[in-house]
Number of protein chains: 2
Amino acid sequence: MQQLKERILREGRVLPGNIVKVDGFLNHRVDTALMGDIADEFARYFDTNNITMVLTAEASGIALATVCAQKYGVPMVFAKKAKSDNIEGGLYQSDIFSYTYKKKVTLIVAQEWLGPDDKVLIIDDFMAKGYAMRGLIDIVQKAGAQLMGIGIAVEKGFQDGGDSLRREGYDVHSLAIIDAVDGGKIVFREDC
Amino acid sequence: MQQLKERILREGRVLPGNIVKVDGFLNHRVDTALMGDIADEFARYFDTNNITMVLTAEASGIALATVCAQKYGVPMVFAKKAKSDNIEGGLYQSDIFSYTYKKKVTLIVAQEWLGPDDKVLIIDDFMAKGYAMRGLIDIVQKAGAQLMGIGIAVEKGFQDGGDSLRREGYDVHSLAIIDAVDGGKIVFREDC
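Residues numbered from 1 in each chain as written. Chains lettered and ligands numbered in written order. Predicted model: local features only at pLDDT ≥ 70, side-chain atom pairs only at ≥ 80, totals over all residues. Heavy atoms only, no water.

Help me understand the overall build of chain A, please; the structure alone is not making it clear to me.
When helices and strands are counted, chain A shows five helices and 11 strands. Its C-alpha atoms give chain A a radius of gyration of 16 Å, within 12% of the compact-globule value 16 Å for 192 residues. With 192 residues in all, chain A has 56% of them scored as buried. The contacts in chain A between residues at least 6 apart in sequence include a share of 59% that link residues at least 24 apart. (Helix = DSSP H or I, 4+ residues; strand = E, 2+ residues; numbered from the N terminus. Rg over C-alpha atoms; globule rule 2.2 N^0.38 Å. Buried < 20%, exposed > 50% of the residue type's maximum accessible area, 1.4 Å probe, protein only. Contact = heavy atoms within 4.5 Å.)

Next comes the structure, spelled out in structure tokens:
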């Protein structure tokens, strides 16, 4: 998606450790008009008339997932990150390793809001190693729901999270894939 | 807001400890159409043509704040909850007591995304004792920005968070104020 790539080049910053910071429009301050354009772009790829919900993980995925769900006319459910092992019943849960916090966190979704009849489009703002995404997929499978696709705004291709999922057959569609950060310069994958 | 009150009565559940659970449409599964109606209702009360941004706190406020910001044509900024005392520079921060986690958390907003020229509308899905709200107000004041108002979807009136802010002169507008939970029955304040 050209508009998103240009925005990343113009406003993104590369920090030590190959961290790509896009917090001016995607995951701290959110450009809500851009989120609308991203939602439209996903709708050109996925069959959004045939989903029952959009699923994401808290916190930074919520803004984009909300705009998508509103456009597609379905509810948005966000998996919560449990802060303790003391979790009540009636929940699907999946343990993931949090790259951000460098520790195990548990993603949870109430069984009330996700079930075998659901057709789920997973949306997230960012994917690197894909740990959170694997937790969301695990939850969809535990619920017996149908996974209709995975839409990502910005993927860090060189961390292999997206490609490893594609190799396993998942339909992962990212609107900007960063394949390298060479000396502070962001290099996008050509075919996305 | 009649539609919201009816929704709370129909789908909300009262749990032990006077916890009012509205996670089927507000803060776990999110009814994005209802969020749009709530955003319109805030726009009838606040001068949304005269704001530069919507501010909220992660995580559950993000969905509603995003829909509001999109309708009003401004960016949405969400304060992050820092998990440690080890916080980098360039940030406004405010320590709050988290009712949810029963411990101190620090709300942070990058100074880059909030400044003296900003006119801020704070939006949140829920207010009880108002601890998180006081953190957000503190951050707006530290930035030298102008606070244009505080819009809340559901306020627990009996926990005094909203009324204590009103007594101090803040323009707090809540669309449903729960004044009592008598034997599991939800009682709304009449004049809201």
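Now, onward.
How should the packing of aromatic side chains be read in this particular structure?
For any two aromatic rings, the description comes down to two numbers: the centre-to-centre distance and the angle of the planes. All told, the structure shown has six aromatic pairs over all chains when counted by the stated rule. Judged by centre distance (4.8 Å) and plane angle (85 degrees), the rings of Tyr45 of chain A and Phe46 of chain A are edge-to-face. A relative accessible area of 41% places Tyr45 of chain A in the partly exposed class. With centroids separated by 5.8 Å and ring planes inclined at 90 degrees, the aromatic side chains of Phe97 of chain B and Tyr131 of chain B adopt a geometry described as edge-to-face. Of this pair, Phe97 of chain B sits in strand S6 (residues 91-98) while Tyr131 of chain B is found in helix H4 (residues 131-142), placing the two residues 34 residues apart along the sequence. Phe97 of chain B gets classed as partly exposed once you look at its relative accessible area, which sits at 40%. (Phe/Tyr/Trp six-rings, centres within 6.5 Å; stacked < 30°, edge-to-face > 60°.)

It is not clear to me how the interface of chain B and chain A should be interpreted in this structure. Could you clarify?
The parts lose accessible area when they come together, and the size of an interface is often stated as this lost area. The interface is formed by 33 residues belonging to chain B together with 33 residues belonging to chain A. Carbon and sulfur atoms supply 61% of the area that chain B and chain A bury against each other, a total of about 2,900 Å² over both sides. Remark: the boundary between chain B and chain A carries two salt bridges. Two residues, Arg13 of chain A and Glu112 of chain B, come together in a salt bridge whose shortest N-O distance is 3.6 Å. Looking at the side of chain B that touches chain A, the elements with two or more residues in it are strand S3 (29-30), helix H2 (32-45), helix H3 (61-72), strand S5 (76-82) and strand S7 (103-110) of chain B. Ranked by residues supplied to the side of chain B that touches chain A, first place goes to H3 of chain B with six residues. Residue classes in the side of chain B that touches chain A are distributed as 16 nonpolar, eight polar and nine charged. (Buried area = accessible area lost by both parts, 1.4 Å probe. Salt bridge = Lys/Arg side-chain N within 4 Å of Asp/Glu carboxyl O. Nonpolar A, V, L, I, M, F, W, Y, C, P; charged D, E, K, R; others polar.)

What should I look at first to understand the nonpolar core in this one?
The tendency in soluble globular proteins is for nonpolar side chains to be buried side by side. Counting 76 residues, the largest nonpolar core has Leu4, Ile8 and Ile38 of chain A together with Leu4, Ile8 and Ile38 of chain B as the members making the most contacts within it. Sequence-distant contacts of Ile38 of chain B, that is, excluding residues within four places in its chain, are made with Met1, Leu4, Leu64, Ala153 and Leu175 of chain B. (Core = buried A, V, L, I, M, F, W, Y, C linked by side-chain atoms within 4.5 Å.)

Just to check I follow, could you spell out unusual backbone geometry for this structure?
What you tend to see is this: most non-glycine residues have negative phi, and most peptide bonds are trans. Residues and elements named next belong to chain A. Geometrically, the link from Glu58 to Ala59 is a cis peptide bond, its omega value of 5 degrees lying close to zero. Phi is positive for Asn18, which is not a glycine, with a value near 60 degrees. Its location among the elements puts Asn18 in the loop between strand S1 (13-15) and strand S2 (19-21). Given a relative accessible area of 34%, Asn18 falls into the partly exposed group.

How should I be thinking about the environment of Tyr131 of chain A in this particular structure?
Residues and elements named next belong to chain A. Residue class for Tyr131 comes out partly exposed when judged on its relative accessible area of 35%. Separated by 33 residues in sequence, Tyr131 and Ser98 place their C-alpha atoms 7.1 Å apart. In contact with Tyr131, other than residues within four places in its own chain, are Ile96, Phe97 and Tyr99.

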